[in-house]
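One-letter residues, chain by chain:
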Amino acid sequence: MAGASPASLSIAVGNAGGMGALGALLTSADGIRKWVSEVRAGTAGPFQLNTWIPDPDPRRDADAEARTRAFLAGWGPLVPAAAGDVTRPGLGEQCDAFVEAAPAAVSSIMGVFPSEFVTRLKAKRIPWFATATTLAEARRARDAGADAIIAQGFEAGGHRGSFDQAAAERQLTGLFALLPRFADGLDLPIIAAGGIGDGRGVAAALTLGASAAIVGTAFLRCPEAKTHPAWSNALANLEPEDTMLTRALTGRAARAVATDYVKAAAAPEAPPPAPYPVQRGLTALMKDAGAAAGDHHRMQLWAGQSAAMAKSVPAGDLVAEIWRQAQELMP
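Since the model is a prediction, treat every value here as computed from it, not as a measurement. (Residues numbered from 1 in each chain as written. Predicted model: local features only at pLDDT ≥ 70, side-chain atom pairs only at ≥ 80, totals over all residues. Heavy atoms only, no water.)

### Description of the overall build of the chain
Right, so step 1: Check the secondary structure of the chain and you find 13 helices and 10 strands.
Right, so step 2: With the principal axes as the frame, the chain shows a C-alpha extent of 55 × 45 × 40 Å.
Right, so step 3: When contacts within the chain are restricted to residue pairs at least 6 apart in sequence, those whose partners lie at least 24 apart make up 69%.
Right, so step 4: By element, 54% of the accessible surface of the chain is carried by carbon and sulfur atoms, the whole surface being about 14,100 Å².
Right, so step 5: Counting 30 positive and 32 negative side-chain charges, the chain places the averaged centre of each group 3 Å from the other. (Helix = DSSP H or I, 4+ residues; strand = E, 2+ residues; numbered from the N terminus. Contact = heavy atoms within 4.5 Å. Areas by Shrake-Rupley, 256 points an atom, 1.4 Å probe, with all protein chains shown as cover. Lys, Arg positive; Asp, Glu negative; His and termini not counted. Charge placed at Lys NZ, Arg CZ, Asp CG, Glu CD.)

Okay, here's the thing in structure tokens:
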């Protein structure tokens, strides 16, 4: 959960017996090292480090971006043309920091790691968990050297892990259909992700063939997550149908709260979003203004379909409750 995975959350989860995680997409190598140091000072529990496999550089369209900027002017400050000129930390420097940190696992999304990096992981005995949204993607990751596959159902909050971003909206398979397919078609451990918010979901995932489960959105209301109050409040009792897939926030397909902005951006008369990461840059001023005003309709509110299960309780208590409930349901 890039931007929503502070060290405090992983410390609490680790001390309760779970595995913490850093979504490192926008984190520099030095930032990764600082996060790792802080987590290790607070817990002996395991954690994983995650990042995206980058897309090729986007094709820019100045006229299309101007239309998007004009649309965004109705939701926040005027957006300068240079706002779309954004980058991310280099994958190479992040990979170097990952190997140096030697976490319990490294995970990927939206593709497979370069073979040179996989070789380095193997040499350090660092497992690679590869996110996949289809069996074909999972097999590609297996063949590239992945040690386990994260099966991401369409229920998941945040960005879709599709290897081909153009196919993200078409490749929408629910977790309960995905898990048996992966279990029957792979000889690697499977980790379930998407729509799991309590012990019932964990027990169901394990029954369907998963070896472990990932819980994301359910932790966002925990105090250790340090989620903006407007975001946290928007998750309370949120119906599954009040989330939606959108490219309007970053240019990549992602599940978010169906805010007024997200719904307006999906209207036929709205301009199509720019590609990632241009759209992320163009919407940054609106998001900042929304956060400053506490206006969740102008913020970036990632949320899975199980968001209503998120509770304002300490993260460690939530981990214990989830596992207790799962154990009660398992044979």
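What follows continues from the structure just given.
### Observations regarding the sheet that holds strand β1 (residues 20-23)
Remark on secondary structure: sheet strands pair via backbone hydrogen bonds, oriented parallel or antiparallel.
Right, so step 1: Taking strand neighbours across the sheet as the criterion, the seven strands line up as β1-β2-β3-β4-β5-β7-β8 in an open arrangement whose pairing is parallel. Strands at the two margins of the open sheet, each flanked by one partner only, are β1 and β8 (212-214). Geometrically, the sheet is characterised by an average inter-axis angle of 25° between neighbouring strands, direction not taken into account. (Pairing = 2+ DSSP bridges. Axes fitted to C-alpha atoms, helices over the stretch in contact; angles between N-to-C directions.)

### With respect to the layout of surface pockets
Right, so step 1: Taken as a whole, the second largest pocket encloses approximately 290 Å³ of empty space.
Right, so step 2: In this structure, the second largest pocket is lined by 20 residues; those nearest its centre are Asp55, Asp57, Pro58, Arg88 and Pro277.
Right, so step 3: In terms of residue class, the lining of the second largest pocket is made up of 10 nonpolar, three polar and seven charged. (1 Å grid on protein atoms, 1.4 Å probe; cavity = no way out; pocket = protein on both sides within 12 Å on 5 of 7 lines; lining within 4 Å. Points joined across faces, edges and corners; volume = space filled by probe spheres on them. Nonpolar A, V, L, I, M, F, W, Y, C, P; charged D, E, K, R; others polar.)

### Thoughts on the sheet that holds strand β9 (residues 243-246)
Right, so step 1: The strand order across the open sheet formed by three strands is β6-β10-β9, and the pairing between neighbours is antiparallel. Looking at which strands have only one partner, the edges of the open sheet turn out to be β6 (158-159) and β9.
Right, so step 2: For β6 and strand β10 (residues 254-257), the ladder comprises two bridges, and the chain directions are antiparallel. When the bridges of β10 are listed, Gly158 appears paired with Arg255.

### Focus on helix α6 (residues 135-143)
Right, so step 1: Along α6, the residues classified as buried are Leu135, Glu137, Ala138 and Ala141. Within α6, the buried residues cover an arc of 160° as seen down the axis, which keeps them to one side. Across α6 from its buried face, at more than 90 degrees, point the exposed residues Ala136 and Asp143.
Right, so step 2: As for α6, its buried residues are in contact with β4 (128-132), β5 (148-152) and α7 (175-185).
Right, so step 3: Gly145 lies just past α6 and shows a positive phi near 110°. (Buried < 20%, exposed > 50% of the residue type's maximum accessible area, 1.4 Å probe, protein only. Arc of directions from axis to C-beta.)

### Observations regarding the nonpolar core
Right, so step 1: Formed by 60 residues in total, the largest nonpolar core has its most connected members in Leu49, Ile149, Phe182 and Phe219.
Right, so step 2: Here Leu49 is in contact with Leu22, Ile32, Trp35, Val36, Phe98, Ala101, Pro103, Ala105, Val106 and Ser107, once residues within four sequence places are set aside.
Right, so step 3: Membership of the second largest hydrophobic core comes to 27 residues, among which are Ala256, Leu282, Trp302 and Ala307. (Core = buried A, V, L, I, M, F, W, Y, C linked by side-chain atoms within 4.5 Å.)

### With respect to the packing of aromatic side chains
Right, so step 1: Counted under the stated rule, the structure contains six aromatic pairs.
Right, so step 2: Ring geometry for Trp35 against Phe47: centres 5.4 Å apart, planes inclined by 80°, an arrangement best described as edge-to-face. Of this pair, Trp35 sits in helix α2 (residues 29-42) while Phe47 sits in strand β2 (residues 47-52), and the two are 12 residues apart along the sequence.
Right, so step 3: For Trp35, a relative accessible area of 8% translates into the label buried.
Right, so step 4: Counting every residue linked through ring pairs, the aromatic cluster contains Phe71, Trp75 and Tyr261. (Phe/Tyr/Trp six-rings, centres within 6.5 Å; stacked < 30°, edge-to-face > 60°.)

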